[in-house]
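# Structural features, examined
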Amino acid sequence: MRKAIRNTSLAVLLLSASIVTACTATNDTATNGATVSDQKSTEKVSLEGPKDSKEVEAFANAVFADKMKEFNTVGSNFVVVKDGKVLLSKGYGYADREKKIPVDKDTVFQIGSVTKSFTALAAMQLVDQGKIDLKHDIQEYLGGMKVPNKTGKPLTMFDLLTYTSGVDLPDIVTDYSVEYLNKDISMKGYLQKNMPTVVRPPGEVYTYDNFGFMLAGYAVENVSGMPYSQYMEKNVFKPLGMNKTSVRLTPEVLSNMAAHYGPSGELQPTMGTAPSEKPEGSINSTGEDMANYLIMHLNKGEFEGKEIVSKQSIDLMHTYQVYADPTIPITTVGFEGYFNNVMNGQHVILKGGNVPGHSSLIAILPEKNTAFYLSYNNDSMMSLGVYEAFMNHYFPKTVKTQPSTYSKISKQTAQAYVGLYRNTRLYGVRTKISYADGNLLMETGTTGKHTLRMVHPLLFEDEAGNKMAFKKDKSGDITYFYYTNPQGMDFVAHAQKVKMKTGFSDVPNGSVYKSYIDNLNSLDIMGAKSGNRFDPKGKMTQGEFADVLLRAHGMHTFPDEFRENKKRMIAGIPHYQPKSLITRQMAAVMIQNLKHAAPGTNVKLIGKTDSWAVDAIAALVSQGIVDPDTKINSNQTVDFRSTQTLSRQEASALLDKAFDYYTLPIKP
């Protein structure tokens, strides 16, 4: 999924409640009196897809009436293309609610990460011309710019376009702010200041990657000898007749742009970007222009008799290149395949996009000569609700899925899987894999506890049928997994097993704090005070705790989110002073400001606690987020020792429980 959405895919990651709705909701009565999911209506078009414009419009009218209400969406557009023709291009609701300006085919939306598919197209044009080789070291095309690489395996354009770069900070370039609107920030300078490191062999595993597509766009810029925006204008937008599409937020673009709204319908400011041209997410377009883009894709790279890109290149963009398992496609060149359960057995490629206040989605069914596009002006996952409704109406499942058969796994064999894993994109998403009674057990803070039954040695399913595909590294060790539970955030990247570090010399094996200290040390959140000594009873300053808290929270890899969290973290705390020692109550409020733990059982605090900290402490304690030396009495009273200074070992326990793999409430 919080939030004013901070980047292309982050809405998909963090709005988990909306995701569940999008994937499970059924449509009720449409505005024209018909039922959207009416079985007879579905059967008439089930194997043919959309064909008749009037029928498509009636379907869309009903779906958008339903979904816009469900997701509190102010305005949206919708385009459906079939066999090279536009069946529907229509606006719904308001581009600007306050000014009563309706959405129409010419309303401009920021399409966010749908931009990535355009960057892939541009790169493939240069591949067609022999100016870029997909399998050559990308540094050949960067004009001397260096990408640190610890793996010994070259990073290629193919890796970038398939989301497998292996960098440690894939979102280091995710940067939106009102302050950037009237600035000119170069891509080269921004990359030089925000360069991640390749830490996993390129091509090994999938991670949603904003940096990778910015670097790919910079390569297009460098190889072509013209700025990214000029290249796109000359070689993509103009040939496709996309006359109202642009990379930059010019005054003309802004004058025709839909207003931005939050999940609750609140008006938001338009955000600028750093850099000013973002190959991973800064294109702005209209429904009419995007129809031409879809037509080109369905025509295998041609538009109105002109070859925009070769058929071979389009085939790479339409064919899955990266799989978690043969049954779990993840990415093509430039596109994705999340929510496989909604594909209904069809070959579908998707690209979604989110910027603060705008969301978009394109879906292409190459084998059915069908595609659609929509954009809308709020932060929600309405797009997935529309996608599911579209697939169920026009391409419903025709083959019943056979239930899987499972095998038991021995305790000895299970040890290869057991351990602590961390999502390779969202460092705050951590999972513990353990063993019990012939199965694997998983626990994660995003979806809770699950039993994993083995389908085959690298594929497991939880009790709901969600798949977990394990993957070996180049040494043959089980090192990664990809989990398909749509309620969580795990599906935006593989998770990688954490290598546990040697314990500290001053933390005995029998310490009740040892597991928390070891976890945070191995996750590079909180390490030694000096040498190999942790100093468990040492004190922390407010600034030291803040730094550790932001790393434990796991969103420090998103520049714009990091800025907001630094402010949010200290809200409501009187006299925050980074160099002063931190008290236990101050630490609790800072944690709760980022954790937002829901109050559970009634907890009554005894002892001295300042009024500004009572609610935060009660919420954390009720969820089991307490250090081992804090005891909850049978009558639910607890002395949190609120005004005492916080020790390093106490900080490790609170942070590990609040932000690691534990399912809330944490049971003793």
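Residues numbered from 1 in each chain as written. Predicted model: local features only at pLDDT ≥ 70, side-chain atom pairs only at ≥ 80, totals over all residues. Heavy atoms only, no water.

Attention now moves to the side chain of His-450. Along the chain, His-450 falls in strand 20 (residues 448–456). Here Thr-447 takes part through its backbone oxygen, which lies 3.0 Å from a polar atom of the side chain of His-450. Within polar-contact distance, the side chain of His-450 engages the side chain of Glu-463 at 2.5 Å. Apart from residues no more than four positions distant in its own chain, His-450 is found in contact with Leu-440, Leu-441, Met-442, Asp-462, Glu-463, Tyr-483 and Asn-485. (Helix = DSSP H or I, 4+ residues; strand = E, 2+ residues; numbered from the N terminus. Polar contact = N/O pair within 3.5 Å; in protein donor to acceptor, adjacent residues only side chain to side chain. Contact = heavy atoms within 4.5 Å.)

Attention now moves to the pattern of salt bridges. Inspection of the entire model under this criterion finds 23 salt bridges. Note that Lys-105 and Asp-106 form a salt bridge whose closest N and O atoms lie 3.3 Å from each other. Across the pair Asp-610 and Lys-608 runs a salt bridge, and its minimum N-O distance is 3.6 Å. (Salt bridge = Lys/Arg side-chain N within 4 Å of Asp/Glu carboxyl O.)

Burial within strand 16 (residues 370–376) is extensive, with seven of its seven residues counted as buried. Burial along strand 16 is two-sided: Thr-370, Phe-372, Leu-374 and Tyr-376 facing one way and Ala-371, Tyr-373 and Ser-375 facing the other are all buried. Pairing between strand 1 (residues 75–82) and strand 16: seven bridges, direction antiparallel. Within the sheet, the bridge partner assigned to Ser-76 lies in strand 16 and is Tyr-376. Sheet topology note: the strand 15 (residues 358–365)/strand 16 ladder contains seven bridges and is antiparallel. Opposite Ile-364, over in strand 16, you have Ala-371 as the bridge partner. In this antiparallel pair of consecutive strands, strand 15 and strand 16, the connection spans four residues, and Asn-369 shows a positive phi of 50°. (Buried < 20%, exposed > 50% of the residue type's maximum accessible area, 1.4 Å probe, protein only. Pairing = 2+ DSSP bridges.)

Turning to helix 5 (residues 115–128), a few remarks are in order. Spanning 14 residues, helix 5 covers 20 Å between terminal C-alpha atoms, matching the ideal 20 Å at 1.5 Å per step. Every buried residue of helix 5 is accounted for by Thr-115, Lys-116, Ser-117, Phe-118, Thr-119, Ala-120, Leu-121, Ala-122, Ala-123, Met-124, Gln-125 and Leu-126. Looking one or two places after helix 5, you find Gly-130, whose phi comes out positive at around 75°. (Expected span 1.5 Å × (residues − 1).)

This part takes up the sheet that holds strand 21 (residues 459–461). Strand order in this closed barrel of eight strands is 17-18-19-20-21-22-23-24, and the pairing throughout is antiparallel. Within this sheet the neighbouring strands show an average axis-to-axis angle of 30°, counted without direction. Of the strand pairs in this sheet, strand 21 and strand 22 (residues 467–472) are connected by three bridges, and their pairing is antiparallel. By the bridge assignment, Phe-460 is partnered in strand 22 with Met-468. (Axes fitted to C-alpha atoms, helices over the stretch in contact; angles between N-to-C directions.)

With three bridges joining them, strand 12 (residues 322–325) and strand 13 (residues 328–331) adopt antiparallel strand pairing. The residue of strand 13 that forms the bridge with Tyr-323 is Pro-329. Here strand 12 folds back onto strand 13 in antiparallel fashion, the turn holding two residues.

Here the focus is the packing of helix 5 against helix 11 (residues 287–298). Where helix 5 meets helix 11, the closest approach of the two axes is 13 Å, and the angle between their N-to-C directions is 50°. Taken together, the axis directions place helix 5 and helix 11 in an arrangement best described as oblique. You can see that helix 5 and helix 11 cross each other, and the crossing is left-handed. In contact with Ser-117, Phe-118 and Leu-121 of helix 5, helix 11 contributes Met-290, Tyr-293 and Met-296. Here the contact of helix 5 with helix 11 is built from residues that sort into five nonpolar, one polar and no charged. (Parallel < 35°, antiparallel > 145°, perpendicular 65-115°, else oblique. Left-handed = near helix turned anticlockwise from the far one by under 90°. Nonpolar A, V, L, I, M, F, W, Y, C, P; charged D, E, K, R; others polar.)

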